[in-house]
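Listed here are the chains, written in short residue letters.
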Amino acid sequence: MGIVKTKNLTFEYIRRDDEGNVEGVTKAVDDVSIDLKEGDFVAILGHNGSGKSTLAKHINALLLPTEGSVIVDGIDTLDTDQMLKVRQTAGMVFQNPDNQIIGTVVEEEVAFGPENMGVPTKEIWERVEDSLKAVGMFAFRTASPNKLSGGQKQRIAIAGIVAMKPKCIILDEPTAMLDPKGRAEVLRVLHELNEKEGVTIILITHYMEEVIEADSVFVCDKGRIVMQGSPKEIFSHVEELKELRLDVPQVTELAYELKKAGIPIKDGILTNEELVRELKNVYYR
Amino acid sequence: MSIIVDKISYIYEEGSSMERLALDNISCVIEQGEFIGVIGHTGSGKSTFIQHLNGLLKANKGHIYYNEQDIYAPDFKMQELRKHVGLVFQYPEHQLFESTIFKDVCFGPKNLGFSDKDTQIAAFNALRQVGLDESLYYQSPFDLSGGQKRRVAIAGVLAMKPDVIILDEPTAGLDPKGRDEILDCVKKLHDEMKITVILVSHSMEDVAKYVDRIMVINDGKLVFNNEPKAVFARHEELEKIGLAAPSVTYIMEDLYKAGFDVDRSAITIEEAKNSILNLLK
Amino acid sequence: MLRDITLGQYYRANSLIHRLDPRVKLLGTLIFIISLFLGQSIWLYALITVALIAVIKLSKVPLKYITKGMKSIVILVIISAAFNLFLTDGEVIFRFWKLTITREGIYQCVFMIIRLIYLICGTSIMTLTTTPTNLTDGIEKGLDFLNKIKVPVHEVAMMMSIALRFIPILMEETDKIMKAQMARGADFESGNLVKRAKALIPILVPLFVSAFRRANDLAMAMEARCYHGSEGRTKMKPLKYKSRDHKAYIALGVYSVLVIAISIFMKGRFI
């Protein structure tokens, strides 16, 4: 069984009008069953409102299922006695860098998680040092978070989770408010954590370039998983993705347009090298 | 309509320990009907620059002339300038405050002294221009989706009937389709209403697709001010300052290096496709 | 402009005052404030002035940081001074139009001004030499005993430290909202008091909405990091008294005794 497994997960909430009368029920997550392998770099795509964030919040028990179940490293999230263990196992980083930083000094911010877990003082210092080094921010440990760039703040947020020694980290659109430089910083840190420490990464995003290097991709729409597979498989379906309000990397789109115009190239081109190779095949035939 | 920026410099937090030169001797001209892209990363000074164009910030050195009038002249009314130069900040939906979106859009024209009738007409037109459905006009802004709220905020500035509209990263935080919708809407405004548009963005792909001219700001200095093709051809210099050309440019470079005689100045998918097809057919 | 308020801003240095346990500083500030209101004896104020100057020197904080905080209360000082000057009964010294200035009025006025200035200085030293985290840790540990009567000390301390952390962020946001509304022709400078108050609505509504949104996000982030109140919580930087703290307590004790003694036995005034 994978590190995270959901079975017929459904989340409903009641919509009320201004007077508090019930208007209807919305299924934000509708019968989702996924099984994530430990150590994978998973990407979850979906337009705004597709349910991807709601789905993510079930993995660390911030939300509990209305129906179905979520099992994280063997623990059922409905077992509220184990809620803290679930959250330590599956850490979460949010979109707005400022709204998840509590401390006024970087090292104190990173210590917040371990403090909550009751880790002894000496070990807290060790974990803080290791986490900050893992994200490349050790030099800033006594700085004020207010003086940092967006990318640096997100790295601090990641360090704060890493200090809790989770098995998996969920990130809800962590780069949406960053500039390209900040985005690259954050992605580099995530891949390093995934490759070097074997941390499972669950990245929710709608930046297609971030998805190319993932191990597996899930696409959400209206609370359901409508596509899943490797990046190559997913990006082969350009039209479908566009209908789902998503996009594909420019090189994939270019290849698709060429194919539409009659050039016989493969689907799912993700990199420039692949395109060059394909065109060479066509040209030198 | 013309805006002439003449050697402006701006010092941030003057006199404090955090003093630094945010804008360094910038000069440029913005003419009627242009669609200009301003690129640079966070901290480059681009947000500071655009706030000078509608007088929210005042340069320490240099002048700005709107329709040949010095906006720093003692008898010049900044409120007048803001009637003509509209500025939509990043995440503009965060400034909505009225009980209905219609009322919120009326805020701008009312402040500028439009009559009640003119205010309402301007608000209706603006909301229509951004493509918002009439059924939503009397809803609370807090009931709408992020993309819808953003369009309301843009309408709020359009209702003032500016000659120039400046948008600071209008696609921030939107999903791909949302991004296309906003930019298509802006393009339509430019083409149909002949409004001069200044678009501040991080996305080279967005900028390449829509603008006539690109201004690159780095460290408070204006380093490039030219047509997109000319700017992106110098992508090595762009990379040195931490920016890049659109992905398409790099695809074409790689193809060229592999022996394909393609048009390396292509900066959109359409251009790239046509160039490759010409080669292969 | 909005960033000039140094009340509550930490000034980084490595002075004796910086290194003191926050509980000592909190008690010290409290004793200092109480001593300011124990009368109008010139000897008392001489002692207070000496103590204040000594602490300022020991803190290694440049004077300009301390005086910056006073700019924001200038209006309050002027109003209090005026009230005291013109509305105190006593031996009349000067009279013009409908206003009377009495000898008592002058005393009250001068002392009120001195009190307010010293008040700001004293509390500024506190906040300039203590990081917000340190401060709230001090409050939390110092008021620990209140837990026995079910006062939620930890929660209050947490609220305070979060508030302090978000002050600069909300100030920046206010600035941004103001600029956005100004770009829509809003005018915050002209008009009478009523008009200007109304003009604040386009700033306050978005600001409140934003503050609530942030609070919501922050609560989620805290829960995601296993926050569950003070039970079982350890600290990265636990507070422990050192010998310098004991010495500081003794100095405070001496100061308190002197203050009480002077205010009982040496009630001299000037003039």
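Whatever comes next refers back to the structure up there.
The structure contained in this document is the topic of the report that follows. What you see is a predicted model, and the numbers here were worked out from it, not measured in a lab.

**Some points on the overall build of chain A**
Here's step 1: Within chain A, the secondary structure is distributed over 10 helices and 11 strands.
Here's step 2: Principal-axis analysis of the C-alpha atoms gives chain A an extent of 70 × 55 × 40 Å.
Here's step 3: Taking the contacts inside chain A whose residues are at least 6 apart along the sequence as the reference set, 64% of them involve residues at least 24 apart.

**Comments concerning the pairing of strand E5 (residues 67-72) of chain A**
Residue and element names in this part refer to chain A.
Here's step 1: Examined bridge by bridge, strand E1 (residues 4-16) and E5 share 5 bridges and lie antiparallel to one another. Its bridge partner lying in E5, Val-4 is registered against Val-72.
Here's step 2: Sheet analysis places E5 next to strand E6 (residues 75-76), joined by 2 bridges and oriented antiparallel. Following the sheet pairing, Ile-71 is matched in E6 by Asp-76.
Here's step 3: Here E5 hands over to E6 after 2 residues, with Asp-73 in that stretch at a positive phi of 50°.

**What to know about the interface of chain B and chain C**
Here's step 1: The partner chain C presents 15 residues to the 19 residues of chain B that form the contact.
Here's step 2: When residues of the side of chain B that touches chain C are traced back to their parent elements, those giving at least two are helix H2 (78-84), strand E6 (85-88), helix H3 (101-111) and helix H5 (146-158) of chain B.
Here's step 3: Considering every element that reaches the side of chain B that touches chain C, the biggest residue donor is H3 of chain B, with 3 residues.
Here's step 4: The residue makeup of the side of chain B that touches chain C, split by class, is 10 nonpolar, 8 polar and 1 charged.

**Some words on the environment of Val-128 of chain A**
Residue and element names in this part refer to chain A.
Here's step 1: Here Val-128 shows up in helix H4 (residues 121-134).
Here's step 2: Sequence separation between Val-128 and Val-217 is 89 residues; the distance between their C-alpha atoms is 32 Å.
Here's step 3: Aside from chain neighbours lying at most four places away, what touches Val-128 is Glu-107, Val-110, Ala-111 and Ala-163.

**Notes on the packing of helix H10 (residues 272-283) of chain A against helix H10 (residues 247-257) of chain B**
Here's step 1: Interaxial distance between H10 of chain A and H10 of chain B falls to 10 Å at its minimum, and their mutual angle equals 45°. On the basis of the axis angle, H10 of chain A is oblique to H10 of chain B. By crossing handedness, the relation of H10 of chain A to H10 of chain B is classed as right-handed. For the pair H10 of chain A and H10 of chain B, contact is made by Asn-272, Leu-275, Val-276 and Leu-279 of chain A and by Tyr-250, Ile-251, Asp-254 and Leu-255 of chain B, respectively.
Here's step 2: Residues that form the contact of H10 of chain A with H10 of chain B fall into these classes: 6 nonpolar, 1 polar and 1 charged.

**A look at the sheet that holds strand E8 (residues 196-201) of chain B**
All names here are of chain B.
Here's step 1: If you trace the 6 strands from one edge of the open sheet to the other, you get E6-E7-E8-E3-E9-E10, paired in mixed fashion. In this open sheet, the two strands that pair with only one neighbour each are E6 and strand E10 (221-226). Within this sheet the neighbouring strands show an average axis-to-axis angle of 15°, counted without direction.
Here's step 2: Sheet analysis places strand E3 (residues 35-39) next to E8, joined by 5 bridges and oriented parallel. What sits directly across from Ile-39, in E8, is Ser-201.

**Regarding H3 of chain B**
Residue and element names in this part refer to chain B.
Here's step 1: For H3, a buried count of 10 out of 11 residues is recorded, marking the element as mostly surrounded by other parts of the structure.
Here's step 2: Within the sequence span of H3, burial applies to Ile-101, Phe-102, Asp-104, Val-105, Cys-106, Phe-107, Gly-108, Pro-109, Lys-110 and Asn-111.
Here's step 3: Just downstream of H3 lies Gly-113, where phi reads positive at about 90°.

**Details of the sheet that holds strand E10 (residues 216-221) of chain A**
Residues and elements named next belong to chain A.
Here's step 1: Read from one edge of the open sheet, 6 strands run E7-E8-E9-E4-E10-E11, paired in mixed fashion. A strand with exactly one partner marks an edge of an open sheet, and here the two such strands are strand E7 (90-93) and strand E11 (224-229). Going across the sheet, the axis of each strand differs from the next one's by a mean of 20°, ignoring polarity.
Here's step 2: With 5 bridges joining them, strand E8 (residues 168-172) and strand E9 (residues 200-205) adopt parallel strand pairing. Among the inter-strand pairings, Cys-168 is bridged to a residue of E9, identified as Thr-200.
Here's step 3: The strands touched by helix H6 (residues 180-197) are strand E4 (41-46) and E9; relative to E9, the strand with the most contacts, the crossing angle is about 155°.

**A short note on the nonpolar core**
Here's step 1: Of all hydrophobic cores here, the largest spans 185 residues; its most connected members are Ala-159 and Ile-202 of chain A together with Val-105, Ala-155 and Ile-166 of chain B.
Here's step 2: Apart from the residues within four sequence positions on either side, Ala-159 of chain A is in contact with Val-110, Ser-131, Leu-132, Ala-134, Val-135 and Met-137 of chain A.
Here's step 3: Counting residues in each nonpolar core, the second largest holds 21 residues, with Tyr-10, Leu-20, Val-55 and Ala-248 of chain C among its members.

**What about the interface of chain A and chain C?**
Here's step 1: Contact with chain A, which involves 32 residues of that partner, is made by 26 residues of chain C.
Here's step 2: Listed by contribution, the elements that provide at least two residues to the side of chain A that touches chain C are helix H2 (83-89), E7, helix H3 (106-117) and H4 of chain A.
Here's step 3: Broken down by element, the side of chain A that touches chain C gets its largest block of residues, 7 residues, from H3 of chain A.
Here's step 4: Residues that form the side of chain A that touches chain C fall into these classes: 14 nonpolar, 14 polar and 4 charged.

Quick notes on the rules
- Residues numbered from 1 in each chain as written.
- Chains lettered and ligands numbered in written order.
- Predicted model: local features only at pLDDT ≥ 70, side-chain atom pairs only at ≥ 80, totals over all residues.
- Helix = DSSP H or I, 4+ residues; strand = E, 2+ residues; numbered from the N terminus.
- Contact = placed C-beta atoms within 7 Å.
- Pairing = 2+ DSSP bridges.
- Nonpolar A, V, L, I, M, F, W, Y, C, P; charged D, E, K, R; others polar.
- Axes fitted to C-alpha atoms, helices over the stretch in contact; angles between N-to-C directions.
- Parallel < 35°, antiparallel > 145°, perpendicular 65-115°, else oblique.
- Left-handed = near helix turned anticlockwise from the far one by under 90°.
- Buried ≥ 20, exposed ≤ 12 C-beta atoms within 10 Å, placed from the backbone.
- Core = buried A, V, L, I, M, F, W, Y, C linked by C-beta atoms within 7 Å.

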